[in-house]
Amino acid sequence: MKSFNIKRFRLALKNEIVCKKSEMLRSQFSVALAFLFIQTIFIVDNAGMPEVSTLDGIVMASHTGAVMLMLIGAGQLFRVLETKQGRIQCFMLPVSLLEKFLVRFLYVTVGWALIAAVGFVMADVVRVGFAYVVDGTYTQSAVPLFFNIPSDAGAAFRITCGETAVAEETAIGWLAFALVHSVFVLGSAFFSKKAPLWTMLSLIALLMLASYMASQFLPESAVDVAAWGIRFSVVFKVAAVVWTIVNYWLAYRIYARMQVVGRKWINL
């Protein structure tokens, strides 16, 4: 069987959506309720404050929640192989290993991203609609801020910080997210139970160790610190790209091997 065939891939993707439809609907409802809860907390806590500050708080908290949701989703990539029946069903699916992995990868990344986005929109529609029904006034929607749709506030922020600085910080942020996401994907191969939790704890431990090691080698001079920071920024970007690719590649190789041997030799 060829490694990748677009027709088989579409069929496998359709099969995944059909099989996970109920799970996706339950997750969608739960996420919408969670975002609505976050918005309610900020509305109650910021009563009497300018609406813009309330929306900023809602968007920041919702972005954090969406990121955490996507990382939790990434930690579910190997969940389909937890049981013997699941492994048999996955192994018997008439598609290549690469196609199976890509389908699961799309489900835990694009699928969970769509769940987060739709959940926020649903919660925001309920918030705006409820405010209109109760008070008869229109409350500003947080959807444009959440999706970074061009607005007057965003334009003012880019003018203040500079287009180049904003673009660079955005690129670094996406790169850091991709790296952490790949760690959670790989972590799901090592932890058979509560993979997102154990991956997060392991990542925190590694970050603490890295911070301690960095503190031992940081220069004392402020000038040297600035120069070291510039060099570290370049090294981080290159290392992050390589590390991210390696993590995804290792996850695929482990996924391919676990099709046969199950979850015994690698999972804790």
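All of the points below concern the structure found in this document. As the structure is a prediction and not an experimental result, all values here were calculated from the model. Each chain carries its own residue numbering, running from 1 in the direction its sequence is written. The predicted nature of this model means local features are confined to residues of pLDDT at least 70 and side-chain atom pairs, given and counted, to a pLDDT of 80 or more, with totals for whole chains, interfaces and linings taken over all residues. As a rule here, side-chain values cover all heavy atoms of the structure and leave hydrogens and water aside.

## A closer look at the side chain of Q28
Right, so step 1: A run of H or I in DSSP becomes a helix once it reaches four residues, and a run of E becomes a strand once it reaches two; helices and strands are each numbered from the N terminus. For Q28, the location among the structural elements is in helix α2 (residues 21–45).
Right, so step 2: Only protein chains enter the area calculation, which uses a 1.4 Å probe; residues under 20% of their type maximum are buried, those over 50% are exposed, and those in between are partly exposed. On the basis of relative accessibility, which here comes to 14%, the residue Q28 falls in the buried class.
Right, so step 3: Side-chain polar atoms of Q28 contact the backbone oxygen of I115, separated by 2.9 Å.
Right, so step 4: When near neighbours in sequence (up to four residues on either side) are disregarded, Q28 contacts L114, I115, V118, G119 and M122. What qualifies as a polar contact is a pair of N or O atoms within 3.5 Å, subject to a donor-acceptor requirement within protein and to the restriction that residues adjacent in sequence count only when both atoms come from side chains. The contact definition used throughout considers only heavy atoms, calling two residues in contact when any of these lie within 4.5 Å.

## Notes on the packing of aromatic side chains
Right, so step 1: Whether two aromatic rings pair depends on their centres lying within 6.5 Å, for rings of Phe, Tyr and Trp, where Trp uses its six-membered ring; planes under 30 degrees apart make the pair stacked, over 60 edge-to-face, and the rest tilted. For the structure on display, the rule yields ten aromatic pairs.
Right, so step 2: Arranged with centres 5.7 Å apart and planes meeting at 85°, the rings of F35 and F120 form a pair that is edge-to-face. Of this pair, F35 sits in helix α2 while F120 sits in helix α5 (residues 97–135), placing them 85 residues apart in sequence.
Right, so step 3: Using a relative accessible area of 3% as the deciding quantity, one classes F35 as buried.
Right, so step 4: For F120, a relative accessible area of 0% puts it in the buried group.
Right, so step 5: Relative to F105, the ring of F101 lies with its centre 6.3 Å away and its plane at 20°, an arrangement referred to as stacked. Remark: F105 and F101 occur in helix α5; sequence separation between them is four residues, near one turn of the helix.
Right, so step 6: Of the aromatic side chains, those joined through ring pairs into one cluster are F78, F101, F105, Y248, Y252 and Y255.

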